[in-house]
Amino acid sequence: MSTKSDKSKVSIWCLAAIAAVPLIMTLGNSMLIPVLPILEKKVSISSFQSSLIITSYSVASIILIPIAGYLSDRFGRKKILLPSLAITFFGGLISGFASWKMNDPFMTIIIGRIIQGIGSAGAFPIILPLVGDLYKDDHEASACLGIVETSNTFGKVLSPILGAALALWIWYIPFFSISVFSLISFLMVLFFIKVPKKEDEPIKLHDFLQKIKKIFKKDGRWLYSVFITGAFIMLILFAVQFYLSNILESKYDIHNIKKGLILAIPLFFLCVASFITGKKIKDNIKAMKILIISSLIVAAATISFTTHLDNLYWLIAVLSIFGAVLGTILPSLDALITENIDKDQRGTITSFYSSARFFGVAAGPPLMSFFMSKNEAYLFYSFSALAILLLILIAKSINADSPA
C-alpha cells in the first residue's frame, strides 16, 4: 500500500481523536498535581497521603496495561479503547462526588482514582500500537507518534494551569472535569477512528505467549533498556513536578493560577522538544540513540543542580532545560518499539512499555514526598547517577543499525 493511500485513510479528525486520548489521560493525572496542597488542607491529609492520589491511579494501570494490550491485539484496538474511556468517566464521577458530598472522602477518592487507572490502562497504551496499525509507512508512523507524544506532553503543560484554575473555582471540580474530558474522547474515538479490519484469525493465547517469549529472547536486551529508560523519565518528571508544586507554595508563597503558569514553563519546553523530535527522527535508529544518550547526559547535569538554586528564575531556567531534554527522549523511545515489533505483538509489547512508564509515574510523587521530609538533595543526586548508568545501558544495548 502506498504512503498516499495511508495518508488518505487517516483523516484529520481521526488524527485529532488519536491525539485527544493521551491528552485527556494526561490531564486526568497531571492536572491534580497543583491541586494536591489544597486537597491536603480541605481533606486534612498529609503530603504523603495526597501523593497516593497520583500513585493509586498509576498502580492500577501498571497491573492491567499488559492485559489490555493483549486483548487489543486479539479483539481489536477500538473494542478495548471505548470501554476503557467509559470506565475512566465513571471513576472521575466517584472521586468528584466523594469530594463534594462526603465528610471524610479520602478513601473513596482513592477508589475512584483506582477505577480511573483501570480505564487508563486500556486507553493511552492502546494508542501507540493503533498508530502502527493505521500507518504502513514508518516515516508517517514516526510523525504521528511525535504528535501523540506531543499531545501527551501538551497535556502536561496544560494540566497545572487548568488544574489550578478549576480548583480556584471549586477545589473538587478537577475530579469532575476528568469525566467530562473522557466523555469527549469517547465520542471522538467512536465516530472518527476507523481501524483497519484484521484479516488473520486472532492468535491463541498459548501461541501468543510463545511468540512474546521469543521476542524477549531475541530483542530483550534493547527492549528492557527502553522499558527502564521510559520508567526513569516518568519517575523523574513526576517527582520534580511534585517537588516544584510544593516549594512554590511553601518557599516562594506562590499560589493558584500563577503557580500553575510557573509549573507549566518546564513542561512547555518538554512539549516543544517532543514535537520537534517526533518530526525529525523519522525511522533513524542511529539518531534516536544519539539523542537519548546526549539527553541523559544533560538531564544528569541539570538535575544535580536543582536543590542548590535559591533563585526562582534560575531554578525555572534549569528545569526548562531539563524538560526539553526529556522531551527529546520520549518520542525516540516510542518509535524504537512501535517500528521494530511485528504488528501482531505490538499491542502487548507497547503495553509493557506503557506499564513501565506508569511505574515511574506511581513512584515519583511518594518518593519525592518522603525525601522532602528528609533531604531531597539525596534523591536528586541519585537521579543524576541513574541517568549516567542508563546512558551506558542504552549505548551498549541499542545497535545503531538495528535494535535487533
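Structure shown above.
Residues numbered from 1 in each chain as written. Predicted model: local features only at pLDDT ≥ 70, side-chain atom pairs only at ≥ 80, totals over all residues. Heavy atoms only, no water.

Some remarks on the pattern of salt bridges
The test is simple: Here, a salt bridge means any Lys or Arg side-chain nitrogen found within 4 Å of an Asp or Glu carboxyl oxygen. Put simply, DSSP H or I for four residues or longer makes a helix, DSSP E for two residues or longer makes a strand, and each gets a number counted from the N terminus. Throughout this description, buried means an accessible area under 20% of the type-specific maximum (1.4 Å probe, protein chains only), exposed means over 50%, and partly exposed covers the range between.
Under the criterion given, the structure shown has five salt bridges. Between Asp-133 and Arg-77 there is a salt bridge, with the nearest N and O atoms lying 2.6 Å from each other. Residue Asp-133 is found in helix 7 (residues 124-134), and its partner Arg-77 is found in helix 5 (residues 77-101); the two are separated by 56 residues along the sequence. Summarising the burial analysis for this pair, Asp-133 and Arg-77 share the class buried. A salt bridge links Asp-310 to Lys-251; the shortest N-O distance between them is 3.1 Å. With Asp-310 in the loop between helix 12 (285-305) and helix 13 (312-338) and Lys-251 in the loop between helix 10 (205-250) and helix 11 (256-281), this pair connects stretches of sequence that are 59 residues apart.

Details of helix 2 (residues 12-30)
As a reminder of what qualifies: Under the convention used throughout, the expected extent of a helix is 1.5 Å for every residue step, that is, one less than its residue count.
If you check helix 2, its first and last C-alpha atoms are 27 Å apart, about what 19 residues at 1.5 Å a residue would give, namely 27 Å. For helix 2, the tally of buried residues reaches 15 of 19 residues, placing the bulk of the element in the interior.

A few points about the packing of aromatic side chains
Keep this limit in mind: A pair of Phe, Tyr and Trp rings is counted when the ring centres sit within 6.5 Å of each other, with Trp represented by its six-membered ring. The angle between the planes then sorts it: under 30 degrees is stacked, over 60 is edge-to-face, the rest tilted.
Applying the stated criterion across every chain yields a total of 19 aromatic pairs. Taken together, a centroid distance of 6.3 Å and an interplanar angle of 70 degrees make the contact between Tyr-172 and Phe-176 edge-to-face. Pair check on accessibility: Tyr-172 and Phe-176 agree, each one buried. Through a chain of ring-to-ring contacts, the aromatic side chains of Phe-97, Trp-100, Trp-171, Tyr-172 and Phe-176 assemble into a single cluster.

Concerning the side chain of Ser-159
Stated precisely, the cut-off is as follows: Note on contacts: a residue pair is in contact if any heavy atoms of the two residues lie within 4.5 Å.
Position of Ser-159 among the secondary structure elements: in helix 8 (residues 138-169). Discounting chain neighbours no more than four positions away, the residues touching Ser-159 are Thr-26, Leu-27, Ser-30, Met-31 and Pro-34.

Things to note about the packing of helix 2 against helix 9 (residues 173-192)
Pairs of packed helices are described in terms of their axes, by the angle between the two and the distance that separates them. Note the following rule: Convention adopted: a line fitted to C-alpha atoms gives each axis, helices being fitted over their contacting stretch, and angles between N-to-C directions are expressed from 0 to 180 degrees. Oblique is the label for any angle not under 35 degrees, not over 145, and not in the 65 to 115 range, which are roughly parallel, roughly antiparallel and roughly perpendicular in turn. It is the rotation of the near helix from the far one that decides the hand of a crossing: anticlockwise by less than a right angle makes it left-handed, clockwise makes it right-handed. Nonpolar residues are Ala, Val, Leu, Ile, Met, Phe, Trp, Tyr, Cys and Pro. Charged residues are Asp, Glu, Lys and Arg, and all others, Gly as well, are polar.
It is at 9 Å that the axes of helix 2 and helix 9 come closest, and there the two elements cross at 160 degrees. Judged on the interaxial angle alone, helix 9 and helix 2 are roughly antiparallel. Here helix 2 runs over helix 9; the crossing is left-handed. Residues Trp-13, Cys-14, Ala-16, Ala-17, Ala-20, Val-21, Ile-24, Met-25, Leu-27 and Gly-28 of helix 2 touch helix 9, and the partners they reach there are Ile-178, Phe-181, Ser-182, Ser-185, Met-188, Val-189 and Phe-192. In the contact of helix 2 with helix 9, the residues fall into 14 nonpolar, three polar and no charged.

Considering the state of the cysteines
Quick note on the threshold: What counts as a disulfide here is a pair of cysteine sulfur atoms lying within 2.5 Å.
Following the criterion strictly, the structure yields zero disulfides and no others. Its sulfur unpaired, Cys-14 is 8.0 Å from the next cysteine sulfur, which belongs to Cys-144. Lacking any disulfide linkage, Cys-271 is separated from the closest cysteine sulfur, that of Cys-144, by 15 Å.

Considering the environment of Ser-120
Let me state the cut-off plainly: Polar contact is defined as a pair of N or O atoms within 3.5 Å, subject to the rule that within protein one atom must be able to donate a hydrogen and the other to accept it, and that residues adjacent in sequence are counted only when both atoms are side-chain atoms.
In this fold, Ser-120 is placed in helix 6 (residues 106-121). According to the relative accessible area criterion, Ser-120 is buried, its value standing at 0%. Expressed as a C-alpha distance, the spacing of Ser-120 and Gly-28, which sit 92 residues apart in the sequence, is 9.0 Å. A distance of 2.8 Å separates a polar side-chain atom of Ser-120 from the backbone oxygen of Gly-117.

As for the packing of helix 12 against helix 15 (residues 376-397)
Taken N-terminus to C-terminus, the directions of helix 12 and helix 15 make an angle of 165 degrees; their axes are 8 Å apart at the nearest point. Regarding the angle of helix 12 to helix 15, the classification is roughly antiparallel. Remark: the crossing between helix 12 and helix 15 carries left-handed chirality. The segment helix 12 lies against helix 15, with Lys-289, Ile-292, Ile-293, Leu-296, Ile-297, Ala-300, Ile-303 and Ser-304 engaging Phe-380, Tyr-381, Phe-383, Ser-384, Ala-387, Ile-388, Leu-390, Leu-391, Ile-394 and Ala-395. Partitioning the contact of helix 12 with helix 15 into residue classes produces 15 nonpolar, two polar and one charged.

Brief notes about the environment of Ser-151
Mapped onto the secondary structure, Ser-151 falls in helix 8. Taking the C-alpha atoms as reference, Ser-151 lies 8.9 Å from Thr-26; in sequence the two are 125 residues apart. If sequence neighbours within four positions are ignored, Ser-151 has contacts with Ala-19, Ala-20, Pro-22 and Leu-23. Separated by 2.4 Å, the side chain of Ser-151 and the backbone oxygen of Ala-19 make a polar contact.

Any link to function would need more than the numbers given here.
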